[in-house]
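Chain by chain, the residues run as shown.
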2 protein chains.
Amino acid sequence: MQENLKQILKNHSLRITDCRLDVMQYFLDEKNALSQGDLESRFDKYDRVTLYRTLNSFLDSGILHRIPNESGTATYGLCHDTCSPDHHTHNHIHFKCNNCGQIECLDDKAVPQVSVPTGYKIDGVNLIVDGTCARCA
Amino acid sequence: MQENLKQILKNHSLRITDCRLDVMQYFLDEKNALSQGDLESRFDKYDRVTLYRTLNSFLDSGILHRIPNESGTATYGLCHDTCSPDHHTHNHIHFKCNNCGQIECLDDKAVPQVSVPTGYKIDGVNLIVDGTCARCA
DNA sequence: TTAATTAATGCAATTGAGTTGCATAAACTA
DNA sequence: TAGTTTATGCAACTCAATTGCATTAATTAA
């Protein structure tokens, strides 16, 4: 399992460090999207700047994607294997529960086709649904 | 026209002040969503805290809605007349241009129907499309 | 129209996420 | 194993967001 994680880092040309392995494992264990603050709470042993840069390196290499958020605090979710640095293909719905505050990726719920006015070019689509999740219902 | 603005404030139980009238007029004049920073640049005469609280009072009363944003800086757009404090019905697409950075509400582009897993309850839907707008193409 | 009441404004100050520079430590390469 | 490159931790800074409080302005009631 640990070997698996190391392979992911290698595939993205990232050095294998304790922090990166721990953070990646945390994302794999959690179903939900995580914020910088979540990482800081979880890992006392790493400096907040290190966690910040770990998130950034994962973003740049296409391991994570950033999820737009009204609150202003950025949250991050795991990308599918098919993501590359330039082109993220996380074509799934993000659900934010207004009760527990958790944001999760509904990987099996695809974003429907959208249309924009003439002359507009679409690079990406982000669909954020808010409401009550099954655990809080 | 000014009377029109005053009536909107009255309808939302907000006192009529210069700042609120100016800010609302600014939103009506602009096609695009605006941020706190935009207001600060536009209105030297008002303190940034006043502008901040003006945005908040408009949010609370359902005059504006907040648009989720990867960048972390909140942007705001005008709600339709049908919006109430608890239930925002701004069922339109938000388009963010990756070139000029502007965010606009595509009022005539409805958000397609979405489905969520069993047990999940939908309160609202936010669809943010990014790409290149017609002016930058 | 004026006095009393209630809310908005401006200023000072604080918080917290996000960010950068630099010296040190760790990971990789040959 | 030695040399090279990158990651980490610490200090420090920026900026948006936020709160408290005294003052000013808007509304309400007499």
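On a predicted model such as this, the values are computed, not experimentally measured, just so you know.

Overview of the packing of helix 2 (residues 18-29) of chain B against helix 4 (residues 48-61) of chain B
Residues and elements named next belong to chain B. Running from amino to carboxyl end, helix 2 crosses helix 4 at an angle of 70 degrees, the nearest separation of the two axes being 10 Å. When the axis of helix 2 is compared with that of helix 4, the two are roughly perpendicular. Handedness of the crossing formed by helix 2 with helix 4: right-handed. Contacts from Cys19, Arg20 and Val23 of helix 2 reach helix 4 at Thr50, Leu51 and Thr54. Among the residues making up the contact of helix 2 with helix 4, the classes are represented as three nonpolar, two polar and one charged.

Some words on the interface of chain B and chain A
Counting residues at the interface gives 34 residues for chain B, matched by 34 residues for chain A. When residues in the side of chain B that touches chain A are grouped by element, the largest group, 12 residues, is from strand 6 (residues 121-132) of chain B. Residue classes in the side of chain B that touches chain A are distributed as 18 nonpolar, 10 polar and six charged. Summarising the sheet, strand 6 (residues 121-132) of chain A and strand 6 of chain B pair through 11 bridges and their orientation is antiparallel. When the bridges of strand 6 of chain B are listed, Thr132 of chain A appears paired with Lys121 of chain B.

Notes on unusual backbone geometry
Backbone phi values are negative for most residues with the exception of glycine, while trans is the configuration of most peptide bonds. Residues and elements named next belong to chain A. Here Ser13, not a glycine, exhibits a phi torsion of approximately 60 degrees, which is positive. Mapped onto the secondary structure, Ser13 falls in the loop between helix 1 (2-11) and helix 2 (18-29). Owing to 8 C-beta atoms within 10 Å, Ser13 belongs among the exposed residues under this scheme.

Here's the deal with the sheet that holds strand 1 (residues 34-35) of chain A
All names here are of chain A. Ordered in space as 1-3-2, the three strands form an open sheet in which the pairing is antiparallel. Across the chains shown, the open sheet's two edge strands, defined by having one partner strand only, are strand 1 and strand 2 (64-67). Looking at chain direction, strand 1 and strand 3 (residues 75-78) are connected through two bridges and run antiparallel. Bridge assignment links Leu34 to a residue of strand 3, and that residue is Tyr76.

Concerning the sheet that holds strand 1 (residues 34-35) of chain B
The sheet built from three strands is open, its strands ordered 1-3-2 (chain B) with antiparallel pairing. Edge strands, defined here as strands with exactly one partner in the open sheet, are strand 1 and strand 2 (64-67) of chain B.

Some points on helix 4 of chain B
All names here are of chain B. In this model helix 4 runs 20 Å from its N-terminal to its C-terminal C-alpha over 14 residues, within 8% of the 20 Å that 1.5 Å per residue would give. Residues Leu51, Thr54, Leu55 and Phe58 constitute the buried set of helix 4. Each buried residue of helix 4 sits inside an arc of 95 degrees when the element is viewed along its axis, so together they form one side. Opposite its buried face, helix 4 presents the exposed residues Val49, Asn56 and Asp60, each directed more than 90 degrees away.

Topic: the protein's contact with DNA strand C
Near DNA strand C there are 23 residues, and of these Ile16 and Gln36 of chain A together with Thr17, Cys19 and Thr50 of chain B occur at the shortest range. Among the secondary structure elements, those contributing two or more residues to the surface near DNA strand C are helix 3 (36-42) and helix 4 (48-60) of chain A together with helix 2 and helix 4 of chain B. Per element, the largest residue contribution to the surface near DNA strand C is five residues, and it comes from helix 4 of chain B. The residue inventory of the surface near DNA strand C, partitioned by class, reads eight nonpolar, nine polar and six charged.

Overview of the relation of the copies chain B and chain A
For the pair chain B and chain A, the relating rotation is 178 degrees, the translation along its axis is 0.0 Å, and the fit reaches an RMSD of 0.3 Å. The relationship between the two copies is best expressed as a two-fold rotation axis. Most of the interface of chain B is mirrored in chain A, where 100% of its interface residues are also at the interface.

Some details on the environment of Ile122 of chain B
For Ile122 of chain B, the position within the fold is in strand 6. Every residue in contact with Ile122 of chain B, bar those within four places of it in the chain, is listed here: Val129 and Gly131 of chain A together with Val116 of chain B.

Description of the protein's contact with DNA strand D
As a matter of local geometry, DNA strand D sits amid 23 residues, with Thr17, Cys19 and Thr50 of chain A together with Ile16 and Gln36 of chain B nearest to it. Looking at the surface near DNA strand D, the elements with two or more residues in it are helix 2 and helix 4 of chain A together with helix 3 (36-42) and helix 4 of chain B. In the surface near DNA strand D, the residues fall into eight nonpolar, nine polar and six charged.

With respect to the environment of Leu127 of chain B
Secondary-structure assignment places Leu127 of chain B in strand 6. Expressed as a C-alpha distance, the spacing of Leu127 of chain B and Ser41 of chain B, which sit 86 residues apart in the sequence, is 28 Å. Residues in contact with Leu127 of chain B, not counting those within four places in the same chain, are Val114 and Leu127 of chain A together with Ile93, His94 and Val111 of chain B.

Some points on the confidence of the model for chain A
Summarising the model, chain A shows a mean pLDDT of 86, and 91% of its residues fall at 70 or more. When the elements of chain A are averaged for pLDDT, strand 5 (residues 103-110) of chain A gives the smallest value, 83, and helix 4 of chain A the largest, 95.

Rules used in this analysis
Residues numbered from 1 in each chain as written. Chains lettered and ligands numbered in written order. Predicted model: local features only at pLDDT ≥ 70, side-chain atom pairs only at ≥ 80, totals over all residues. Axes fitted to C-alpha atoms, helices over the stretch in contact; angles between N-to-C directions. Helix = DSSP H or I, 4+ residues; strand = E, 2+ residues; numbered from the N terminus. Parallel < 35°, antiparallel > 145°, perpendicular 65-115°, else oblique. Left-handed = near helix turned anticlockwise from the far one by under 90°. Contact = placed C-beta atoms within 7 Å. Nonpolar A, V, L, I, M, F, W, Y, C, P; charged D, E, K, R; others polar. Pairing = 2+ DSSP bridges. Buried ≥ 20, exposed ≤ 12 C-beta atoms within 10 Å, placed from the backbone. Expected span 1.5 Å × (residues − 1). Arc of directions from axis to C-beta. Near = placed C-beta within 6 Å. Least-squares fit on C-alpha atoms with pLDDT ≥ 70 in both. pLDDT = per-residue confidence, 0-100.

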